[in-house]
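Per-entry structural report
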Amino acid sequence: MFGFDTHRTLQELEGEGWGPSEWESRLVLRCTALRHKPLKDFTAGDLRLMIGQRISLPYLVPLALDLLLSNPYVEGDLYPGDILTSVLNIESSWWFTCAPTWSSSSVGSSITWKAI
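So, here's what we can say about the structure. Worth saying up front: this structure is predicted, and the values here are computed from it rather than measured.

1. Focus: the packing of aromatic side chains
In the structure shown here, the tally under the stated rule is two aromatic pairs. Here the aromatic rings of Phe4 and Tyr59 are separated by 5.1 Å at their centres, their planes lie at 85 degrees, and the arrangement is edge-to-face. In this pair, Phe4 sits in the segment before α1 (10-14) while Tyr59 sits in helix α4 (residues 57-70), placing the two residues 55 residues apart along the sequence. The burial state of Phe4 is the same as that of Tyr59; both residues are buried. Plain terms: the ring middles of Trp94 and Trp95 are 5.0 Å apart, the flat faces sit at 80 degrees to each other, and that makes the pair edge-to-face. Overall, Trp94 belongs to the buried group, its relative accessible area being 10%. Relative accessible area serves as the criterion here: at 22%, Trp95 is assigned to the partly exposed category.

Here it is, written out as structure tokens:
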């Protein structure tokens, strides 16, 4: 369905580890931990956080779009529609250069109509 195995982790899919960080903030620790979590176990809040940090977008945006297609106002853990906000805040250049066919206008139209 997604073109990648959601039973795998971001680290496995991307084939690289981040290694230790010189920053020990809660945000860095959480994002690092999420790279070791199978994608099938990601919560809406996990998606919102990682997409908001622009981490692993080719894997996480399709998961977010799948959630948004069923409910554009799905809440990640901040407020209703926070995942939609995170997705909409991705730079337009990413959509034109990195996003495969699932970023077509039909997906955007479907989400827009459900939001209205």
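Back to the write-up after that little detour.
2. Section: the packing of helix α2 (residues 26-34) against helix α3 (residues 44-52)
In contact at an axis separation of 11 Å, α2 and α3 are set at 115 degrees when each is read in the N-to-C sense. Regarding the angle of α2 to α3, the classification is roughly perpendicular. In this structure, α2 meets α3 at a crossing whose hand is left-handed. Residues Leu27, Arg30, Cys31 and Leu34 of α2 pack against Gly45, Asp46, Leu49 and Met50 of α3. Here the contact of α2 with α3 is composed, by residue class, of five nonpolar, one polar and two charged.

3. Focus: the pattern of salt bridges
Within this structure, the stated rule accounts for seven salt bridges. Close ionic contact of Arg35 with Glu14 constitutes a salt bridge, the shortest N to O distance being 2.6 Å. Of this pair, Arg35 sits in the loop between α2 and α3 while Glu14 sits in helix α1, and the two are 21 residues apart along the sequence. Residue Glu14 is classed as partly exposed on the basis of its relative accessible area of 26%. Across the pair Arg48 and Asp77 runs a salt bridge whose closest N-O atoms are separated by 3.0 Å. Taken together, the residues span a long stretch of sequence, with Arg48 in helix α3 and Asp77 in the loop between α4 and α5 (82-88) at a distance of 29 residues. For Arg48, a relative accessible area of 13% corresponds to the buried category. Residue classification places Asp77 among the partly exposed positions, given a relative accessible area of 39%.

Cut-offs and rules
Residues numbered from 1 in each chain as written. Predicted model: local features only at pLDDT ≥ 70, side-chain atom pairs only at ≥ 80, totals over all residues. Heavy atoms only, no water. Phe/Tyr/Trp six-rings, centres within 6.5 Å; stacked < 30°, edge-to-face > 60°. Helix = DSSP H or I, 4+ residues; strand = E, 2+ residues; numbered from the N terminus. Buried < 20%, exposed > 50% of the residue type's maximum accessible area, 1.4 Å probe, protein only. Axes fitted to C-alpha atoms, helices over the stretch in contact; angles between N-to-C directions. Parallel < 35°, antiparallel > 145°, perpendicular 65-115°, else oblique. Left-handed = near helix turned anticlockwise from the far one by under 90°. Contact = heavy atoms within 4.5 Å. Nonpolar A, V, L, I, M, F, W, Y, C, P; charged D, E, K, R; others polar. Salt bridge = Lys/Arg side-chain N within 4 Å of Asp/Glu carboxyl O.

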